[in-house]
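Results of the structural survey
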Amino acid sequence: MTFDRSIKIAPSILAADFANFGAECEAIEAQGADWVHVDVMDGHFVPNISFGPATCAAIRPHIKGVMDVHLMIAPVDPYIDAFAAAGADVITAHVEATPHIHRTLQAIRAAGAKAGVALNPGTPAEAVAHLLDITDLICVMTVNPGFGGQKFIDMTDKIKTLRAMIGDRPIHIEIDGGVDVNTAASVAQAGADVLVAGSAVFRGGSVSDPAPYGTNIRAIREAAAGVYV
Ligand code: DX5
Ligand code: ZN
């Protein structure tokens, strides 16, 4: 994975057809997705259950680019090696989900993946102040995690604060939740470079009719570039 701050659209397969994950991953990449965002939920840290490392391993051969695994699980540490072995390029853990986030990020890097740290809407930017040198990605949640299709919560101030804290460090700022053509511009302008979008990408399409995925991805990318601002 090379680092740059260009806008990357990362469709969340939480909004895909669960009976067709492999084909869905191939379809969104063919339609212009930059990363594939994989939401892992345990019914404990968040009030919903999605899937685990076996599913990640199964879809890995269907993803050419970056597999971005967002862990909404507690505990985190016992499962890091399993997600790394499943082929995750990025593994993101929540600061709220583990008592020793510094150790967790070290363990993710030791397992060979990029280390991401996620912040719930109620968690301040300062929570990562002492993590910047062991972090490759900061995920700013713009919904409370657990479900797709929720209303965007404005975190512009937090994104700007994080962007200033990061300085020249090669750390991505990822936005997750409620990203669509109406919200992409504000988060991109505030300093985000990875935009996760579930419902706004998969809306209107399917593996047998994937063209709407491309239309949706282009619209979000253009909105982020300020075309519709
Ligand atoms: C929320 C997940 C998100 C979510 C995004 O817990 O982490 O990735 O599925 O979906 P939308 O774009 O529909 O809000
Ligand atoms: Zn996510």
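Below or above, wherever it landed, is the structure these notes cover.

1. Description of helix α4 (residues 101-110)
- Taken residue by residue, α4 has I101, T104, L105 and I108 as its buried positions. Angular distribution of buried residues about the axis of α4 spans 95°; they occupy a single face of the element.
- With its phi angle positive at about 100°, G112 sits one or two positions after the end of α4.

2. Concerning the packing of aromatic side chains
- Throughout the structure, instances matching the rule amount to 4 aromatic pairs.
- Here F18 and F21 contribute two aromatic rings whose centre-to-centre distance is 4.7 Å and whose plane-to-plane angle is 50°, an arrangement assigned as tilted.
- Geometrically, the ring pair formed by F202 and Y213 is edge-to-face, given 5.0 Å between the ring centres and 70° between the ring planes. Residue F202 is found in helix α7 (residues 199-202), and its partner Y213 is found in helix α8 (residues 211-224); the two are separated by 11 residues along the sequence. Of the two residues examined, F202 and Y213, each falls in the buried class.
- Among the aromatic residues, ring-to-ring pairing joins F18, F21 and F51 into one connected group.

3. A closer look at the coordination of the zinc ion (ligand 2)
- Protein coordination at the zinc ion (ligand 2) comes from H37 (NE2), D39 (OD), H70 (ND1) and D176 (OD), with a distance range of 2.0 to 2.3 Å.
- The coordination sphere of the zinc ion (ligand 2) comprises 6 donor atoms, whose angles at the metal cover 67 to 171°; the geometry is octahedral.
- For the zinc ion (ligand 2), the donor residues sit on a single chain with the sequence spacing H-x1-D-x30-H-x105-D. Of this pair, H70 sits in strand β3 (residues 66-72) while D176 is found in strand β7 (residues 172-176), placing the two residues 106 residues apart along the sequence.

4. A closer look at the pairing of strand β8 (residues 194-197)
- Across the two faces of β8 the burial is the same, with V194 and V196 and L195 and A197 all buried.
- Handedness of the crossover joining β7 and β8 through helix α6 (residues 184-190): right-handed.

5. Concerning the pattern of salt bridges
- In this structure the tally under the stated criterion is 7 salt bridges.
- Residue R221 pairs with D34 through a salt bridge whose shortest N-O separation is 2.8 Å. Remark: D34 occurs in the loop between α1 (21-30) and β2 (35-41) and R221 occurs in helix α8; sequence separation between them is 187 residues.
- The partner of D136 in a salt bridge is R109, with the nearest N and O atoms 2.9 Å apart. Here R109 lies in helix α4 and D136 lies in the loop between β5 (114-119) and β6 (137-141), a separation of 27 residues in the sequence.
- With relative accessibility at 12%, the residue D136 sits in the buried group.
- Residue classification places R109 among the partly exposed residues on the basis of a relative accessible area of 33%.

6. Description of the sheet that holds β3
- In space, the 8 strands of this open sheet follow the order β1-β8-β7-β6-β5-β4-β3-β2, with parallel pairing throughout. Of all the strands in the sheet, the pair left with one neighbour each is β1 (8-11) and β2. The sheet shows a mean angle of 25° between the axes of neighbouring strands, direction not considered.
- Where β1 meets β8, 4 bridges bridge the pair, whose relative direction is parallel. Opposite K8, over in β8, you have V194 as the bridge partner.
- Of the strands in this sheet, β4 (90-94) and β5 are in contact with α4, which crosses β5 at around 150°.

Conventions adopted
- Residues numbered from 1 in each chain as written.
- Chains lettered and ligands numbered in written order.
- Predicted model: local features only at pLDDT ≥ 70, side-chain atom pairs only at ≥ 80, totals over all residues.
- Heavy atoms only, no water.
- Buried < 20%, exposed > 50% of the residue type's maximum accessible area, 1.4 Å probe, protein only.
- Helix = DSSP H or I, 4+ residues; strand = E, 2+ residues; numbered from the N terminus.
- Arc of directions from axis to C-beta.
- Phe/Tyr/Trp six-rings, centres within 6.5 Å; stacked < 30°, edge-to-face > 60°.
- Donors = N, O, S within 2.8 Å, 3.2 Å for Na, K, Ca; no water.
- Tetrahedral: all angles 85-135°; square planar, octahedral: opposite > 155°, others 65-115°.
- Right-handed = clockwise from strand over helix to strand, strands pointing away.
- Salt bridge = Lys/Arg side-chain N within 4 Å of Asp/Glu carboxyl O.
- Pairing = 2+ DSSP bridges.
- Axes fitted to C-alpha atoms, helices over the stretch in contact; angles between N-to-C directions.
- Contact = heavy atoms within 4.5 Å.

Keep in mind these values describe shape, not function.
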